[in-house]
Amino acid sequence: MTMFSLVVKNLLTRRARSILTASAVAIGVMTVVALGVLTFSLRETAISILRTGKADFTVAQEGVSDLLYSALDVGDLQRISAHPEVESAIGVLVATVDLDDEHPLFLELGLEPEGLEEFGVRVVDGRRYAADAENEVMLGYRIAADLDKGVGDSIDIDDSAFEVVGLFATGQVFGDSAAMMPLRPLQARERKPGALTLAFVRVDPSADIESLRTAIEDESPQLATVRTESDFGRVDRNLALLNAANFGGSILALLIGAVGVMNTTLLSFFERTREFGVLRAIGWSRRRLLVLVVGEALIVSLFGAGAGVGLGFAAVAFLERLPDLLGVFRPEFTSAVFGRALGFAFGMTFLGALYPALRAVRLLPIEAVRHE
Amino acid sequence: MSDLAQPMIEVFDVAKDYDHGTIRALDGVSLTVDRGEFVAVTGRSGCGKSTLLHLLAALDRPSRGRIVVDGRDLVQRGDLDEFRRREIGLVFQLHHLLAHLDATENLEVAMMGTHRRRAEKRVRALELLDAVDLGARATMRPPRLSGGERQRLAIARALVNEPGILLADEPTGALDTRSIDSVLALFRRIRDERGTTIVLVTHDPTVSAATDRIVEMRDGRIVDRGVSTA
Ligand SMILES: Nc1ncnc2c1ncn2[C@@H]1O[C@H](COP(=O)(O)OP(=O)(O)O)[C@@H](O)[C@H]1O
Ligand SMILES: [Mg+2]
């Protein structure tokens, strides 16, 4: 009989209780996985807009709820360009359009044809669109392959017919899955004359990017510069809220799981005072007893964590089918999410088993024997 | 290491108070038990028999006095887990076996923490089960054993790490007459075959009559140290 087989035997003897404990952990882990995948995936979708072009940083309106609501104007762009460290500042109007069921958030980027090169766009087939052509469009090579469109084909976007005049590559997955078209016709269609969503800024390599960002934000307080993902919350409050909800939800799940583990571990500790005392009386050390108590909690939690990951997958699959999230939410199961779930499972066990384990360590063997 | 001439257990003027001195369970107890002796401690309920046994087993500490086991003062030992695991075997009135483990496993649990290999532990457990006439019950759990069988299994568990001393608190208290006889026969055989020193607490005169010497207690004191009949 090894410690491990004893742990397993003890758990199987109290099967209903073990299952209940594992369930508490499973629900916690499921919540952590589902929230994690949801948050990560929505953030990826949201951030993708920033990854459509090449830039040292991006400028948007500060404090909007969604990056797509950011509004810049020509004056903003001119002030940014006027800084001597700025090599180029490309103004882009971003719109999303429901192309078809599989592409409910198709990105349209409006920008001047002269800006394309600085934006990191390489024409791989056909030609650029003309500055004022109202029905010319270029497709990223990925979306073109996806839609089976080539140069010379026609495509319906938002009930208007466009001609595909060229295919492009940006080196960015998100850019290569978008359409680009001249700025002014897009502004006109969107009824936002003169409006831009973002400015993609490239900086002289010898310049200090951070001090330039500070200078731009000081000069135009309504603007925010975004360089890293953590800056993103400043221009997309929804995402910041989502992150906060993920954090809060996960902590709650941790506590719920921990209380579940604590409840059952403590209950069985009280039930088993005699048993533990006898083990101490026949020569078990404190440490061995501690290993037993913690080992039981740990094995149960591992099972709970396994079940929780499975339930997490199921929950994500369910979320994916919600009409509100259809197409917006492309689940990405990153190892980080699973690592975190496992970490949370251990956290639940640790928090939940800590107190009962301390009680077990403090138990005097005489207490058990005296109960006679 | 142990000097054969030296007594196995020496108790020097031991007192034990409970509840901050309001209850004096033992009051100046001195006692010597020789190696291989089978001693009964008797007396009315509440006279302090269990308290004395618990002190001998290092389950509790005396309020005053010294207890020396196999030449070593218990109060000065830091390794009492080790002492309980290797040097003594404990048998309780209620067997205190683990109900969800079978007979063999109950013995193996008591061997955890000793440096025997797993296979060795199993062999040792089965040998002991044979020795207490439970060879045919190896895979049975305690609830399916009779009262006498359970107590014999508890005795086997106490012997599993080959202790020099067996301490038993009313081991026959919950048994019928026939089972009592078989358990007492087992104790005598253990003393004869292994030379184990046995201290057996009982308030039953027929049980104490089966031992070498009867120590009688009253109100926390030893009133008769007894004479060895062995
Ligand atoms: N933990 C304790 N707290 C207070 N009093 C105790 C405790 N254990 C034993 N006693 C008291 O000490 C005396 C001796 O008890 P015990 O050694 O159990 O007697 P016996 O085993 O001979 O029946 C009794 O009066 C009992 O009530
Ligand atoms: Mg008693």
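What this report covers is the structure whose coordinates are included nearby. (Residues numbered from 1 in each chain as written. Chains lettered and ligands numbered in written order. Predicted model: local features only at pLDDT ≥ 70, side-chain atom pairs only at ≥ 80, totals over all residues. Heavy atoms only, no water.)

Each helix and strand in chain B was counted, giving seven helices and 10 strands. The C-alpha radius of gyration of chain B comes to 17 Å, within 12% of the 17 Å expected for a compact globule of 230 residues. The principal-axis extents of the C-alpha atoms in chain B amount to approximately 45 × 40 × 35 Å. Here chain B holds 230 residues, and 56% of them are scored as buried. Long-range contacts, defined as pairs at least 24 residues apart, comprise 70% of the intrachain contacts of chain B with a sequence gap of at least 6. Charged side chains in chain B number 34 positive and 35 negative. The centres of these two groups are separated by 3 Å. (Helix = DSSP H or I, 4+ residues; strand = E, 2+ residues; numbered from the N terminus. Rg over C-alpha atoms; globule rule 2.2 N^0.38 Å. Buried < 20%, exposed > 50% of the residue type's maximum accessible area, 1.4 Å probe, protein only. Contact = heavy atoms within 4.5 Å. Lys, Arg positive; Asp, Glu negative; His and termini not counted. Charge placed at Lys NZ, Arg CZ, Asp CG, Glu CD.)

Remark: a regular strand shows side chains that alternate across the two faces of the sheet. Residue and element names in this part refer to chain B. Note that strand S1 (residues 9–18) and strand S2 (residues 23–33) share seven bridges and pair antiparallel. Counted as the bridge partner of Val 11 is Leu 31 from S2. Connecting S1 to the next strand, S2, in antiparallel fashion are four residues, including Asp 19 with a positive phi near 50°. (Pairing = 2+ DSSP bridges.)

All right, on to the sheet that holds strand S6 (residues 88–91) of chain B then. All names here are of chain B. Pairing within the open sheet is mixed, and its six strands lie in the order S6-S7-S8-S3-S9-S10. What marks the edges here is a single partner per strand, and that holds for S6 and strand S10 (221–224). Pairs of neighbouring strands in the sheet enclose a mean axial angle of 25°, with direction left out of account. Note: strand S7 (residues 165–169) against strand S8 (residues 197–201), five bridges, orientation parallel. Each bridged residue has a counterpart across the sheet, and for Leu 166 the counterpart in S8 is Ile 198. Packing of helix H2 (residues 80–87) onto the sheet brings it into contact with S6 and S7, and relative to S6 it is tilted by some 80°. (Axes fitted to C-alpha atoms, helices over the stretch in contact; angles between N-to-C directions.)

With that settled, the discussion passes to the nonpolar core. Grouped burial of nonpolar side chains is what soluble globular proteins tend to show. In this structure, A:Leu279, A:Trp284, A:Leu292, B:Ile155, B:Leu166, B:Leu167 and B:Phe187 are the most contacted members of the largest nonpolar core, which totals 95 residues. Those residues within four positions of A:Leu292 in sequence are excluded, and the remaining contacts are A:Met3, A:Leu6, A:Val7, A:Asn10, A:Arg272, A:Phe276, A:Leu279 and A:Trp284. (Core = buried A, V, L, I, M, F, W, Y, C linked by side-chain atoms within 4.5 Å.)

Further remarks concern the side chain of B:Asn161. Residues and elements named next belong to chain B. Within the secondary structure, Asn 161 is located in the loop between helix H5 (147–159) and S7. A polar side-chain atom of Asn 161 sits 3.1 Å from the main-chain carbonyl oxygen of Arg 85. Within polar-contact distance, the side chain of Asn 161 engages the backbone oxygen of Ala 110 at 3.0 Å. Excluding residues that lie within four positions of it along the chain, Asn 161 makes contacts with Arg 85, Arg 86, Ala 110, Met 111, Thr 114 and Arg 116. (Polar contact = N/O pair within 3.5 Å; in protein donor to acceptor, adjacent residues only side chain to side chain.)

Residue and element names in this part refer to chain A. In strand S10 (residues 223–226), alternate side chains face the same way, and those of Leu 223 and Thr 225 on one face and Ala 224 and Val 226 on the other are all buried. Of the strand pairs in this sheet, strand S1 (residues 57–61) and S10 are connected by four bridges, and their pairing is antiparallel. Looking across to S10, one finds that Ala 60 is bridged to Ala 224.

Let us look at the site of ligand 1. Around ligand 1 sit 13 residues, and of these A:Arg370, B:Gly46, B:Lys49, B:Ser50 and B:Thr51 come closest. Separating an oxygen atom of ligand 1 from a backbone N or O atom of B:Gly46 is a distance of 2.7 Å. For ligand 1, the protein covers 68% of the area, taking 560 Å² as the surface of the free molecule. Elements with a contribution of two residues or more to the shell around ligand 1: S2 and helix H1 (49–56) of chain B. Classifying every residue of the shell around ligand 1 by side-chain character gives four nonpolar, five polar and four charged. (Near = heavy atom within 4 Å. Areas by Shrake-Rupley, 256 points an atom, 1.4 Å probe, with all protein chains shown as cover. Nonpolar A, V, L, I, M, F, W, Y, C, P; charged D, E, K, R; others polar.)

Residues and elements named next belong to chain A. Under the definition given, this model contains five aromatic pairs over all chains. Ring geometry for Phe 269 versus Phe 276: centroids 6.0 Å apart, planes at 35°, classification tilted. Taking relative accessible area as the criterion, Phe 269 reaches 4% and is therefore assigned buried. On the basis of relative accessibility, which here comes to 3%, the residue Phe 276 falls in the buried class. Aromatic side chains Phe 313 and Phe 338 sit 5.7 Å apart centroid to centroid with 20° between the ring planes, which places their arrangement in the stacked category. Here Phe 338 lies in helix H10 (residues 335–362) and Phe 313 lies in helix H9 (residues 286–321), a separation of 25 residues in the sequence. (Phe/Tyr/Trp six-rings, centres within 6.5 Å; stacked < 30°, edge-to-face > 60°.)

With that settled, the discussion passes to the interface of chain A and chain B. Facing 24 residues of chain A, the contacting portion of chain B comprises 23 residues. Buried area between chain A and chain B, summed over both chains or domains, comes out near 2,400 Å², and the portion from carbon and sulfur atoms is 61%. Inspection of the region where chain A meets chain B yields two salt bridges. With its nearest N and O atoms 2.8 Å apart, the salt bridge here joins B:Asp81 to A:Arg280. Inspection of the region where chain A meets chain B yields eight residue pairs in polar contact (both at pLDDT 80 or more). When residues of the side of chain A that touches chain B are traced back to their parent elements, those giving at least two are helix H1 (3–13), helix H8 (273–281), H9 and helix H11 (365–370) of chain A. With six residues, H8(A) is the single largest residue contributor to the side of chain A that touches chain B. (Buried area = accessible area lost by both parts, 1.4 Å probe. Salt bridge = Lys/Arg side-chain N within 4 Å of Asp/Glu carboxyl O.)

If you want to describe how two helices pack, look at the angle between their axes and the distance between the axes. Residues and elements named next belong to chain A. Relative to each other, helix H2 (residues 15–47) and H10 sit at 150°, their axes nearing to 9 Å. Between H2 and H10, the crossing angle belongs to the class labelled roughly antiparallel. Once H2 is placed against H10, the crossing between them reads as right-handed. Facing H2, whose interface residues are Val 25, Gly 28, Val 29, Val 32, Val 33, Gly 36 and Val 37, H10 presents Val 337, Phe 338, Arg 340, Ala 341, Phe 344, Ala 345 and Met 348. For the contact of H2 with H10, the residue count by class is 11 nonpolar, two polar and one charged. (Parallel < 35°, antiparallel > 145°, perpendicular 65-115°, else oblique. Left-handed = near helix turned anticlockwise from the far one by under 90°.)

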